[in-house]
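Coordinate analysis (summary)
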Amino acid sequence: MSSRTKQIPAKNRRIVEERCGGLCEGCGKREATELHHRKYRSRGGGNEVTNLIYLCGWGNHTGCHGTAHSTEGHELGWSVNSWADPAFTPVLWRGGMSWLTSDGRVEPTGFEPSF
């Protein structure tokens with residue numbers, strides 16, 4: 001199965017669900033309700049663990065998921081440009097800039113957010 005198929009593989013979904021622990025990976029304060037593709041499928045993004053983040057909110061309008069679909073989402077690493085690789089794009093993860101690894105770990109980048 002291609003990583004660009006619509007269906008997220010159960011293994012990848014499970015890894016991301018375990019990584020989030022039920023809480024939004026953006027703010028860490030509310031329930032994670034939307035599994036978001038950082039690099040949108042329309043931009044060539046796939047279902048890799050490094051491209052998925054569980055956020056609060058619904059649709060593309062509220063909570064951290066709504067923010068991911070705004071201009072600010074790019075600054076936070078919650079949305080990734082078509083030419084970028086999510087595995088090499090840091091993300092604001094619960095207050096700190098981090099790398100999301102393919103095995104579900106979150107590794108701090110060592111630098112602070114610049115916003």
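Refer to the preceding data block for the structure.
So, here's what we can say about the structure. Predicted model only: the values in this text are computed from it and were never measured.

1. Concerning the nonpolar core
By size, the foremost hydrophobic cluster in this structure holds 13 residues, and its most contacted members are Cys24, Ile53, Leu55, Cys64, Trp78, Val91 and Leu92. When residues of this core are traced back to their parent elements, those giving at least two are strand 2 (52–55), helix 2 (63–68), strand 3 (91–93) and strand 4 (96–100). It is strand 3 that provides the largest number of residues to this core, a total of 3 residues. Residues contacting Cys64, with those up to four places away along its chain left out, are Cys24, Gly26, Cys27, Arg30, Leu55, Cys56 and Trp78. Formed by 9 residues, the second largest nonpolar core is a distinct cluster that contains Ile8, Ile15, Ala32 and Leu35.

2. Some points on the pattern of salt bridges
Taken as a whole, this structure holds 3 salt bridges when the rule is applied. A salt bridge links Glu25 to Arg19; its shortest N-O distance comes to 2.5 Å. Of the two residues examined, Glu25 and Arg19, each falls in the buried class. Note that Arg105 and Asp103 form a salt bridge whose closest N and O atoms lie 3.0 Å from each other. Among the residues examined, Asp103 registers a relative accessible area of 45% and is labelled partly exposed. Residues joined by salt bridges that share partners form a network here, namely Asp103, Arg105 and Glu107.

3. What to know about the environment of Asn51
Structurally, Asn51 can be placed in the loop between strand 1 (34–37) and strand 2. A sequence separation of 35 residues divides Asn51 from Pro86, and the C-alpha atoms of the two residues are 5.4 Å apart. Beyond its immediate sequence surroundings of up to four residues, Asn51 is in contact with His36, His37, Arg38, Lys39, Gly45, Gly46 and Pro86.

4. Quick notes on the side chain of Asn51
The buried category is assigned to Asn51, whose relative accessible area is 1%. A polar contact is formed between the side chain of Asn51 and the backbone nitrogen of Lys39, at a distance of 2.6 Å.

5. Some words on the environment of His65
Along the chain, His65 falls in helix 2. Take His65: its relative accessible area is 5%, and that puts it in the buried class. Here the alpha-carbon distance between His65 and Glu34, two residues 31 residues apart in the chain, equals 6.9 Å.

6. Concerning the sheet that holds strand 4
Across the sheet, 3 strands lie side by side as 3-4-5; this open sheet has antiparallel pairing. If you trace the sheet from one side to the other, it starts and ends with strand 3 and strand 5 (106–108), each paired once. Averaged over all pairs of adjacent strands, the angle between their axes in this sheet comes to 60°, without regard to strand direction. Here strand 4 pairs with strand 5 via 3 bridges, running antiparallel. If you follow Trp99 over to strand 5, its bridge partner there is Glu107.

What counts as what
Residues numbered from 1 in each chain as written. Predicted model: local features only at pLDDT ≥ 70, side-chain atom pairs only at ≥ 80, totals over all residues. Heavy atoms only, no water. Core = buried A, V, L, I, M, F, W, Y, C linked by side-chain atoms within 4.5 Å. Buried < 20%, exposed > 50% of the residue type's maximum accessible area, 1.4 Å probe, protein only. Helix = DSSP H or I, 4+ residues; strand = E, 2+ residues; numbered from the N terminus. Contact = heavy atoms within 4.5 Å. Salt bridge = Lys/Arg side-chain N within 4 Å of Asp/Glu carboxyl O. Polar contact = N/O pair within 3.5 Å; in protein donor to acceptor, adjacent residues only side chain to side chain. Pairing = 2+ DSSP bridges. Axes fitted to C-alpha atoms, helices over the stretch in contact; angles between N-to-C directions.

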